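# Remarks on the overall topology
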Amino acid sequence: MANGRTGDKVDMLIIGAGASGAAVAWSLAETRMQILCIEQGDWVNPANYPSTGRDWEMSNQREWAISPNVRKRPADYPINDEESPIAIANFNAVGGSTILYSSHFPRFHPSDFRVRSLDGVADDWPISYFDLEPFFALNDCNIGVAGLADDPALPAHTPPLPPVPLGTIGETMARAFNELGWHWWPSDTAIITREYEGREPCANIGSCNVGCPKGAKSSADVSYWPVALRAGVKLKTRCRVREITVGPDGMATGAIYFDEQGVEHHQAAEMVIVACNGVGTPRLLLNSKSSQFPDGLANRSGLVGKNLMLHPWGNVQGIFEQPLDRFGPEGSCMLSQQFYETDKARGFVRGYNMQITRGRGPVLTARAALWRGELPWGTDHHKVFERLYNHSIYLGICVEDLPEEINAVTLDPRLKDAHGIPAPKINYRLSENSRRMLAHGLEQGSHVMRVAGAIRTESVGPIRMAGWHLLGTARMGNDPQRSVVNSWGRSHDVKNLFVVDGSVFVTSGGVNPTTTIQAVALYIADQIKQRLANLFD
Ligand SMILES: Cc1cc2nc3c(=O)[nH]c(=O)nc-3n(C[C@H](O)[C@H](O)[C@H](O)COP(=O)(O)OP(=O)(O)OC[C@H]3O[C@@H](n4cnc5c(N)ncnc54)[C@H](O)[C@@H]3O)c2cc1C
Ligand code: SF4
């Protein structure tokens, strides 16, 4: 039991203030119920982002690293990812991992929800693209998404803001895609390109991946949270939840957490919503053991933590003779979904997204070239550097990862966080299907780079430090034996417990997931509101 004072009971307790926790808090605020969100991290002051300092490029190797094991801030918990070729990336703060995300915001395709019916693999989702469609649109408006209407790869939709500029990089690649007759389109991007809801537009400087000091990148702290707080939601920061508690009737009663002084409290709640991401959520559920749930809360199926999907990632770098303008949002300006849908002749099922990103800044350009032995010290240093800096285009390949039970988050028997809470352990391996898909992507990516005029290409994948999409570890479904939550996010086993983050994904799609995660969170919140009268029946 908790040592500290027990907080007054709230109607809804949300755990985690990242992309999904913020969206669900915003949506539920209109119920006027007492809603409290508990977050282990703090607010990040945009004025303190490294992009305001001269060494901004190196900060992502230290206190702004995407790996919590490198960053080691007080809000972070360690993750044992030694038994995975892909290391886990996240950020723990108000806004969660969106503080560091690249804001590339493509939607899942309708086919992503029906892979069993279409391709005979994995499972269909219990909901469809069209169930989520209004919530994709709502999310686009709430956070301010930039893009161009009527991408032929998707059902028609109109982003509220004009797309980020293609620049010379996008134009160079667009010409190559056109020459090959391949699909391309300006990316949907979670960056405001015009003044929007009191926020200033993007200045196209391009340091988004260590936080946007202008607040133009639509991380959840600058988009959803200010509105949710004004609507009456309460947010407690620097409080880490250890476990969700249950009563004798097997219903959730609240959560035990440590405050910033390390004092333990119990927060009582009528219902609990978990939004800790695809690694943090199974960790919390597995740590919530009781006599009713000896294997972890909501885990009668045995599937909590299983079916982890990570999107194996490849990169193709093209080096060009002519200078290119690297300024503009870092994450992406355009994408190609030429190889997104299944074509069995390629030797694999499902497909991948190609994401065009801008070149590296000066320090990272020099560092990579030194590492490759390409940049000499001495008289030729500057001459060679000038030929490399502002002369690169990157193409990221995001491979659809299919669910497999052996890919899992469990509790590490030894590793613990600063509060003594068992840390997550990742066991993950790439399937043969993913390997083939990645090899195909790297080959096609190099091809389009050469058509674009690259004098040299380099490809690499799977990239180790690229576990930034965390999905599938508390999957959704109609069958309680084969899923953790039902089609509207409620635990099959605990009727007042909901999961709203990427853990509920049945499959991973072949694109960055956050717009779909937030659409799912808004959809679940809407279901909760519609069913308030008989929510726990
Ligand atoms: C470097 C990087 C680049 C990315 N780029 C993109 C991109 O371009 N496009 C895209 O779609 N996605 C991208 N992503 C992924 C995107 O950030 C995530 O999909 C999204 O943030 C997930 O939302 P979430 O709510 O599930 O989890 P998160 O946003 O990670 O939020 C979870 C929150 O829960 C809190 N929490 C966890 N456990 C506890 C606990 N026990 N007690 C209290 N609080 C807790 C955490 O502190 C965190 O704030 C990127 C991620 C990274 C790291
Ligand atoms: S390029 Fe735009 S979104 Fe990125 S950091 Fe600069 S202002 Fe922010």
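Structure: see above.
Here's what I pulled together on the structure shown here.

About the thresholds
- Residues numbered from 1 in each chain as written.
- Chains lettered and ligands numbered in written order.
- Predicted model: local features only at pLDDT ≥ 70, side-chain atom pairs only at ≥ 80, totals over all residues.
- Heavy atoms only, no water.
- Near = heavy atom within 4 Å.
- Polar contact = N/O pair within 3.5 Å; in protein donor to acceptor, adjacent residues only side chain to side chain.
- Areas by Shrake-Rupley, 256 points an atom, 1.4 Å probe, with all protein chains shown as cover.
- Helix = DSSP H or I, 4+ residues; strand = E, 2+ residues; numbered from the N terminus.
- Nonpolar A, V, L, I, M, F, W, Y, C, P; charged D, E, K, R; others polar.
- Expected span 1.5 Å × (residues − 1).
- Buried < 20%, exposed > 50% of the residue type's maximum accessible area, 1.4 Å probe, protein only.
- Contact = heavy atoms within 4.5 Å.
- Axes fitted to C-alpha atoms, helices over the stretch in contact; angles between N-to-C directions.
- Left-handed = near helix turned anticlockwise from the far one by under 90°.
- Core = buried A, V, L, I, M, F, W, Y, C linked by side-chain atoms within 4.5 Å.
- Salt bridge = Lys/Arg side-chain N within 4 Å of Asp/Glu carboxyl O.
- Phe/Tyr/Trp six-rings, centres within 6.5 Å; stacked < 30°, edge-to-face > 60°.
- Lys NZ or Arg CZ within 6 Å of the ring centre and 35° of its normal.
- Bend = angle between axes of the 7 residues up to and from the residue.
- Pairing = 2+ DSSP bridges.

## Some points on the site of ligand 1
Near ligand 1 there are 36 residues, and of these Ser20, Glu39, Ser97, His104 and Thr514 occur at the shortest range. At 3.0 Å, a backbone N or O of Ala93 approaches an oxygen atom of ligand 1. Summarising the interface, the protein chains cover 97% of the accessible area of ligand 1, which totals 990 Å² for the free molecule. Those elements that place two or more of their residues in the shell around ligand 1 are helix H1 (19-28), strand E5 (240-246) and helix H11 (514-530). Counted by class, the shell around ligand 1 contains 16 nonpolar, 17 polar and three charged residues.

## Topic: helix H5 (residues 167-180)
Taking 1.5 Å per residue as the helical rise, H5 with its 14 residues ought to reach 20 Å, and the 20 Å between its terminal C-alpha atoms agrees with that figure. Among the residues of H5, those classed as buried are Ile169, Gly170, Thr172, Met173, Ala174, Ala176 and Phe177. Looking at the buried side of H5, the elements it contacts are strand E9 (334-336), strand E10 (352-357), strand E11 (392-399) and helix H10 (432-451). One or two steps after H5, the chain reaches Gly181, where phi turns positive at roughly 70°.

## With respect to the packing of H1 against H11
Where H1 meets H11, the closest approach of the two axes is 8 Å, and the angle between their N-to-C directions is 35°. Between H1 and H11 lies a crossing whose hand is right-handed. Contact with H1, carried on its side by Ala19, Ser20, Ala23, Val24, Trp26, Ser27 and Leu28, involves Thr514, Ile517, Gln518, Ala521, Leu522, Ala525, Asp526, Ile528 and Lys529 of H11 and no other residues of that element. Of the residues assigned to the contact of H1 with H11, the class counts are 10 nonpolar, four polar and two charged.

## What about the nonpolar core?
Core analysis: the largest hydrophobic core is formed by 85 residues, its most contacted members being Trp225 and Ile244. It is H11 that provides the largest number of residues to this core, a total of nine residues. The contacts of Trp225, once residues within four sequence positions are left out, are Ala17, Gly21, Ala22, Ala25, Cys37, Trp43, Val94, Gly95, Ala220, Val233 and Leu235. With 29 residues, the next largest nonpolar core counts Cys333, Leu395, Ile397 and Ala452 among its residues.

## Digging into the environment of Asp140
Here Asp140 is to be found in helix H4 (residues 129-143). Of the residues examined, Asp140 reaches a relative accessible area of 2% and is grouped as buried. Linking Asp140 and His440, residues 300 residues apart in sequence, is a C-alpha distance of 32 Å. Each residue touching Asp140, except ones within four places of it in the same chain, is listed here: Arg107, Val145, His157, Pro160, Tyr196 and Thr515. A polar atom in the side chain of Asp140 sits 3.0 Å from the side chain of Arg107.

## Some remarks on the site of ligand 2
In the neighbourhood of ligand 2, the contacting residues comprise Ile191, Cys202, Ala203, Asn204, Ile205, Gly206, Ser207, Cys208, Cys212, Lys217 and Pro329. Its residues assigned to classes, the shell around ligand 2 shows seven nonpolar, three polar and one charged.

## Description of unusual backbone geometry
Omega for the bond connecting Gly461 with Pro462 falls within 30 degrees of zero, at 0°, which places this linkage in the cis form. Position of Pro462 among the secondary structure elements: in the loop between strand E14 (456-460) and strand E15 (497-499). Positive phi, close to 70°, is recorded for Asp150, a residue that is not glycine. Following the sequence through the fold, Asp150 ends up in the loop between H4 and H5.

## Thoughts on the pattern of salt bridges
Applying the stated criterion to the full structure yields 28 salt bridges. Where Arg475 meets Asp123, a salt bridge forms, and the shortest distance between an N and an O atom there is 3.2 Å. A residue pair is termed long-range when its members are at least 10 positions apart, and Arg475 in the loop between E14 and E15 and Asp123 in the loop between helix H3 (115-119) and H4 qualify at 352 residues. The two residues Arg475 and Asp123 agree in class, both being buried. We note a salt bridge from Glu374 to Arg372, for which the minimum N-O separation is 2.6 Å. Here the salt bridges share partners, and the residues they tie into one network are Asp112, Asp119, Arg350 and Glu400.

## Looking at the packing of aromatic side chains
Working definition: an aromatic ring pair is given by the centre-to-centre distance plus the angle between the planes. Counted by the stated rule, this structure contains 18 aromatic pairs. Here Trp313 and Trp468 contribute two aromatic rings whose centre-to-centre distance is 5.4 Å and whose plane-to-plane angle is 85°, an arrangement assigned as edge-to-face. With Trp313 in strand E8 (residues 313-319) and Trp468 in the loop between E14 and E15, this residue pair connects regions lying 155 residues apart in the sequence. Here the basic side chain of Arg360 rests over the ring of Tyr394, its NZ or CZ set 3.8 Å away from the ring centre.

## Section: H4
Its 15 residues give H4 an end-to-end C-alpha distance of 20 Å, which sits within 8% of 21 Å, the value for a rise of 1.5 Å per residue. Along H4, the sharpest kink reaches roughly 25°, centred on Phe135. Those residues of H4 not exposed but buried are Tyr129, Leu132, Phe135, Phe136, Asn139, Asp140, Asn142 and Ile143. Next to the buried residues of H4 lie H1, helix H6 (224-230) and H11. Regarding H4, its N-cap is Ser128, as a side-chain oxygen of that residue lies 3.1 Å from the backbone nitrogen of Phe130 further along. Among the residues trailing H4, Gly144 stands out with phi positive, at a value near 85°.

## Here's the deal with the sheet that holds E14
In space, the six strands of this open sheet follow the order E3-E9-E10-E11-E8-E14, with antiparallel pairing throughout. If you trace the sheet from one side to the other, it starts and ends with strand E3 (185-186) and E14, each paired once. The sheet contact formed by E9 and E10 spans three bridges and is antiparallel. Paired with Leu335 across the strands is Gln355, a residue of E10. Its contacts with the sheet put H10 on E8, E10, E11 and E14, and the angle it makes with E11 is roughly 155°.

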